[in-house]
Protein chains: 2
Amino acid sequence: MPLRLLIADNERLFRQSLRKLLEGTRDIRVVAEAADGQEAVLKAQSTQPDIALLDVRMPKMDGIKAAKLMASLVPKIKILMLSIHDDDEKIISALRAGAMGYILKDADQKDFLDILRNAYLGKTHASPYLANLTISRRPGQPRTAEDRKGQFIEKYNLTEQELKILHLLAEGLSNEEMSRMVNLSRETIKMHLKALFRKLQVKNRTEAAVLAVREIVG
Amino acid sequence: MPLRLLIADNERLFRQSLRKLLEGTRDIRVVAEAADGQEAVLKAQSTQPDIALLDVRMPKMDGIKAAKLMASLVPKIKILMLSIHDDDEKIISALRAGAMGYILKDADQKDFLDILRNAYLGKTHASPYLANLTISRRPGQPRTAEDRKGQFIEKYNLTEQELKILHLLAEGLSNEEMSRMVNLSRETIKMHLKALFRKLQVKNRTEAAVLAVREIVG
DNA sequence: CTTAAAACCACCCGTTCGGGGAATTGACAG
DNA sequence: CTGTCAATTCCCCGAACGGGTGGTTTTAAG
């Protein structure tokens, strides 16, 4: 089966030329495109790609935040960040947000494909000859994060759904935005929030978000 | 000049007997009492005591949160936490919240007075003979925290007032609660919040609180 | 003294929250 | 098939939020 890829970049031209480039391969298939962060998260959930290629700078929601949300909403997805600058301080943020690697936009096509395939295979380190590319592995949190999540759930008796909502809340999303993000009605979101406030013993979303940041999302 | 003390505990009897006990001394004067966390923070600002003695468990706002707010609103105040349990996990929270020490409620009177006086002098370690007391120093953050604060202010071009409001926000307070806390009108709070949202480039209080937790209050 | 910036307060207004009750659906055990 | 339990959705409604405009006072700088 081919590598199923999602491309998120605000420039249609870039997306399409990338798609064109990848049509020349037999093992990589673009299953979704997104023009902004929100759309990217939504499509990641609906199409369940193997890898999401996210531009750091995007309208509505930047790539960092989108990466965080994807990591919690589509746990098995592999994320690669795209950017123009290599010394961007956002590299760190991206990697901490769950990204496996970081690709410069002016990378050589061949190197680019190599990175995609390596990421698919779980290889998180950059090959030594990929000199003009910055790539690094996800911090050793995947398992640890799972554990923290589990402990958190049982500590407060949360359901999976509630935890998911809590992640969204910690990104500062409104009820409306959350509802679109997980494809539920605002009312359902509200109900989950009520349950969360009760279980976490807080009295509003701000306190809940702060608690979430301190205890799980970091 | 005597040591000016604030006592915060929900039990009036406890407060009064403690006051009685301290009247027997010449160097310690109780300048304020509070029955809950909110009142404690308010009186700490108005009376500017040297030391605040906070019960961990209080109505409206617990001692931990009160300690955090005091630390940011009345920087030079020294905080001692009171509790019944010694193995309370809240001890860590208290110390991280800015408390200098932790006193058990069944402590010997003499030891209790010693701790008060030592805290006043800046001695943060427990004397070895205070066996049934748990006391520990404030983590080495006072200077570091100041630095972080300064960097944060210049990074986002914040004013002192705005930073103060941000601290309150990060505790999940409503505009109304903040206004009472710093003795300003709700409208003024709203104005500072608007400025904060703009400068931090966030679009609501939740995002602002999350950012604050990540970058300053930890 | 003048100007500018910060801080403070107020009113209007639309949106969002958050709590309450109640109806619907789906899954699953009895 | 049926009870029932959890998840979802809708409606109502008061409170809180967030944006805009306008105005006064205080502070600092020129």
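Please refer to the structure higher up on the page.
Described in the following lines is the structure provided in the data block. Worth saying up front: this structure is predicted, and the values here are computed from it rather than measured. Think of each chain on its own: its residues are numbered from 1, step by step along the sequence as written. Ligands are numbered from 1 and chains lettered from A, in the order in which they are written. At least 70 in pLDDT is required for a residue's local features to be given in this predicted model, at least 80 for side-chain atom pairs to be given and counted, and no such filter applies to totals for whole chains, interfaces and linings, which use all residues. Side-chain metrics in this entry use all non-hydrogen atoms of the structure; hydrogen atoms and water are not considered.

One heavy atom suffices: a residue is near a molecule or strand as soon as one of its heavy atoms comes within 4 Å of it. As a matter of local geometry, DNA strand C sits amid 16 residues, with Lys-190 and Arg-205 of chain A together with Gln-161, Glu-187 and His-192 of chain B nearest to it. Among the atoms of DNA strand C close to the protein, meaning within 4 Å, 53% are from sugar or phosphate groups. Here a phosphate oxygen of DNA strand C sits 2.9 Å away from a polar atom, N or O, in the side chain of Thr-159 of chain B. Measuring from a phosphate oxygen of DNA strand C, one finds a backbone N or O atom of Ser-185 of chain B at 2.9 Å. Strands are runs of DSSP state E lasting at least 2 residues, helices are runs of H or I lasting at least 4, and numbering of each runs from the N terminus. Contributing elements (two or more residues each) for the surface near DNA strand C: α9 (186-200) of chain A together with α9 (186-200) of chain B. Here a polar contact means two N or O atoms within 3.5 Å. Within protein one must be a hydrogen donor candidate and the other an acceptor candidate, and residues neighboring in sequence count only if both atoms are side-chain atoms.

Here we take up the interface of chain A and chain B. Note on contacts: a residue pair qualifies if any of its non-hydrogen atoms lie within 4.5 Å across the two residues. Listed per partner, the contact involves 18 residues of chain A and 18 residues of chain B. Within this document, salt bridges are pairs made up of a side-chain nitrogen of Lys or Arg and a carboxyl oxygen of Asp or Glu, the two lying within 4 Å of each other. Connecting chain A to chain B are four salt bridges. Lys-65 of chain A serves as the salt-bridge partner of Glu-207 of chain B, at 3.1 Å between the closest nitrogen and oxygen. The interface formed by chain A and chain B includes four residue pairs in polar contact (both at pLDDT 80 or more). Put simply, the parts of the chain that give the side of chain A that touches chain B at least two residues each are α3 (63-73), α7 (160-170) and α10 (205-217) of chain A. Here the side of chain A that touches chain B takes eight residues from α10 of chain A, the largest share from any one element. When grouped by side-chain class, the residues that make up the side of chain A that touches chain B number six nonpolar, four polar and eight charged. Side-chain classes are defined by residue name, with Ala, Val, Leu, Ile, Met, Phe, Trp, Tyr, Cys and Pro counting as nonpolar, Asp, Glu, Lys and Arg as charged, and the others, Gly among them, as polar.

The next thing to look at is the sheet that holds strand β2 (residues 28-34) of chain A. Residues and elements named next belong to chain A. With parallel pairing, five strands are arranged side by side in an open sheet as β2-β1-β3-β4-β5. Each edge of the sheet is formed by a strand with only one pairing partner; in this case those strands are β2 and β5 (101-104). Shown here is a sheet whose adjacent strand axes are inclined to one another by a mean of 25°, direction ignored. The pairing of strand β1 (residues 3-8) with β2 spans six bridges and is parallel. Considered in β2, the bridge of Ala-8 is made with Ala-34. Only the contacting stretch of a helix is used when fitting its axis, a line to C-alpha atoms as for every element, and angles between N-to-C directions run 0 to 180 degrees. The sheet strands contacting helix α5 (residues 109-120) are β1, β2, β3 (51-55), β4 (78-83) and β5, and the helix crosses β4 at an angle near 155°. Two strands are said to pair when DSSP picks up at least two bridges between them.

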